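Each chain, letter by letter, is given below.
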Amino acid sequence: MIIFDKVHKSYGDRKVLNNVSLKVEPKEFVSLIGPSGAGKSTLIYALIGAEKVDKGTVHVDDYHVNVMSERALQMYRRKLGIVFQDYKLLQRKSVFENVAFALEATGASKGHVTERVDNVLEMVGLSDMKNHFPYQLSGGEQQKAAIARALAHNPKLLIADEPTGNLDPKSAKEILGLLKKINDGGATVLLATHNSGLVDKLQKRVVRLDKGKIISDKAHSGYEF
Ligand SMILES: Nc1ncnc2c1ncn2[C@@H]1O[C@H](COP(=O)(O)OP(=O)(O)O)[C@@H](O)[C@H]1O
Ligand SMILES: [Mg+2]
């Protein structure tokens, strides 16, 4: 599903991705870990086509991400589910409206929207808060709303960049449980986090990035490949 082949990326003379090759199969759950500054977000920007790589190739299914036009990239990104540390909810819209608005943007019919939004809010456990505004929610609840929004169009690939970065340990655990549930539902999940303790309990594949290089890649069993 995802193939990075010998990807290099520098900002000025600072090498941020250094010969990164990575393959993720459909339905895998991969945690990308490494200290702050390791290049995790840059790898994700390269994956969603928000940053061009200098060398190497990035493929996602049939998308040749690093050579696509801006217009093609927009279409491509609409197929993905993307979640960030800071939720990026629209402050003047309710939880329901935030999810519905995003779904409408993908071209879904009005009739389909209400039903689908209710379904995803149920899935993340926010049905009771669908008419709340972001400021009325805890950080964990805001992130659940953001995840519901990312899931609304049923993406095959969900990408989460430090989704628990602003959360207390209990909320962080809930968000991770939710990502696992989404993966169990058949979506491929790529989670980037500096919190390696958090992913240990997941029992899923862990790719470790340091100074722009992949320094280890382990299945949960500890077997290195
Ligand atoms: N737009 C940018 N311009 C210059 N340097 C950047 C830019 N984005 C990231 N960097 C640098 O690239 C390195 C990796 O950053 P990043 O990918 O955000 O790491 P991580 O997500 O692992 O914390 C850092 O040293 C950061 O300062
Ligand atoms: Mg980052």
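What you see as residue numbers is a count from 1 along each chain, following the sequence as written. Numbering of ligands from 1 and lettering of chains from A proceed in the order in which they are written. The predicted nature of this model means local features are confined to residues of pLDDT at least 70 and side-chain atom pairs, given and counted, to a pLDDT of 80 or more, with totals for whole chains, interfaces and linings taken over all residues.

1. A closer look at the domain arrangement of the protein chain
When cut into domains, the protein chain gives domain 1 (1-80 + 156-225) and domain 2 (91-154). Relative to domain 2, the C-alpha centre of domain 1 lies at a distance of 24 Å. Here the contact rule is simple: place C-beta atoms from the backbone, and any two residues whose C-beta atoms are within 7 Å are in contact. Contact with domain 1, which involves ten residues of that partner, is made by ten residues of domain 2. Examining the composition of the side of domain 1 that touches domain 2, we find that five residues originate from one element, helix α6 (residues 169-184), more than from any other. Three classes are used: nonpolar for Ala, Val, Leu, Ile, Met, Phe, Trp, Tyr, Cys and Pro, charged for Asp, Glu, Lys and Arg, and polar for all others, with Gly counted as polar. The class makeup of the residues in the side of domain 1 that touches domain 2 is six nonpolar, two polar and two charged. For every domain, the bounds stem from an assignment made automatically or drawn from a database. Helix and strand assignments come from DSSP, with helices taken as H or I runs of at least 4 residues and strands as E runs of at least 2, each series counted from the N terminus.

2. Remarks on the site of ligand 1
The C-beta atom of each residue is placed using the backbone, and any residue whose C-beta lies within 6 Å of a molecule or strand is treated as near it. Near ligand 1 the following residues occur: Tyr-11, Val-16, Gly-34, Ser-36, Gly-37, Ala-38, Gly-39, Lys-40, Ser-41 and Thr-42. If you tally residues by element for the shell around ligand 1, the top one is helix α1 (residues 40-47), at three residues. Here the residues of the shell around ligand 1 are counted per class, giving three nonpolar, six polar and one charged.

3. Digging into helix α5 (residues 139-151)
Multiplying 1.5 Å by the residue count of a helix minus one yields the expected span of that helix. If you check α5, its first and last C-alpha atoms are 18 Å apart, about what 13 residues at 1.5 Å a residue would give, namely 18 Å. Exposure is read from a count of other C-beta atoms within 10 Å of each residue's own; the residue is exposed at 12 or fewer, buried at 20 or more and partly exposed in between. C-beta atoms are placed from the backbone. The element α5 is extensively covered by neighbouring structure, given that eleven of its 13 residues are classed as buried. Looking only at α5, the buried set comprises Glu-141, Gln-142, Gln-143, Lys-144, Ala-145, Ala-146, Ile-147, Ala-148, Arg-149, Ala-150 and Leu-151. Those residues of α5 that are buried are in contact with β6 (81-84), α3 (95-105), α4 (110-124), β7 (157-161) and α6.

4. Structural notes on the nonpolar core
A set of buried Ala, Val, Leu, Ile, Met, Phe, Trp, Tyr and Cys residues, joined to one another through C-beta atoms within 7 Å, is what we call a nonpolar core. Core analysis: the biggest nonpolar cluster contains 63 residues, and Leu-32, Leu-47, Val-99 and Ala-148 have the highest contact counts within it. In this structure, Val-99 is in contact with Val-117, Val-120, Leu-121, Ala-148, Arg-149 and Ala-152, ignoring residues within four places of it in sequence.

5. Examining the sheet that holds strand β8 (residues 188-193)
Strand order in this open sheet of six strands is β6-β7-β8-β3-β9-β10, and the pairing throughout is mixed. Each edge of the open sheet is held by one strand with a lone partner, namely β6 and β10 (213-218). Strand-to-strand twist of the sheet, defined as the mean angle between neighbouring strand axes without regard to direction, takes the value 15 degrees. In short, DSSP must find at least two bridges between two strands for them to pair. Judged from the five bridges that link them, strand β3 (residues 29-33) and β8 form a sheet pairing that is parallel. When the sheet's bridge partners are listed, Ile-33 is paired in β8 with Thr-193. Every angle, taken between N-to-C directions, lies between 0 and 180 degrees, and every axis is a line fitted to C-alpha atoms, over only the stretch in contact when it is a helix. The sheet contacts of α1 involve β3, β7, β8 and β9 (205-210), and relative to β7 the element is tilted by about 150 degrees.

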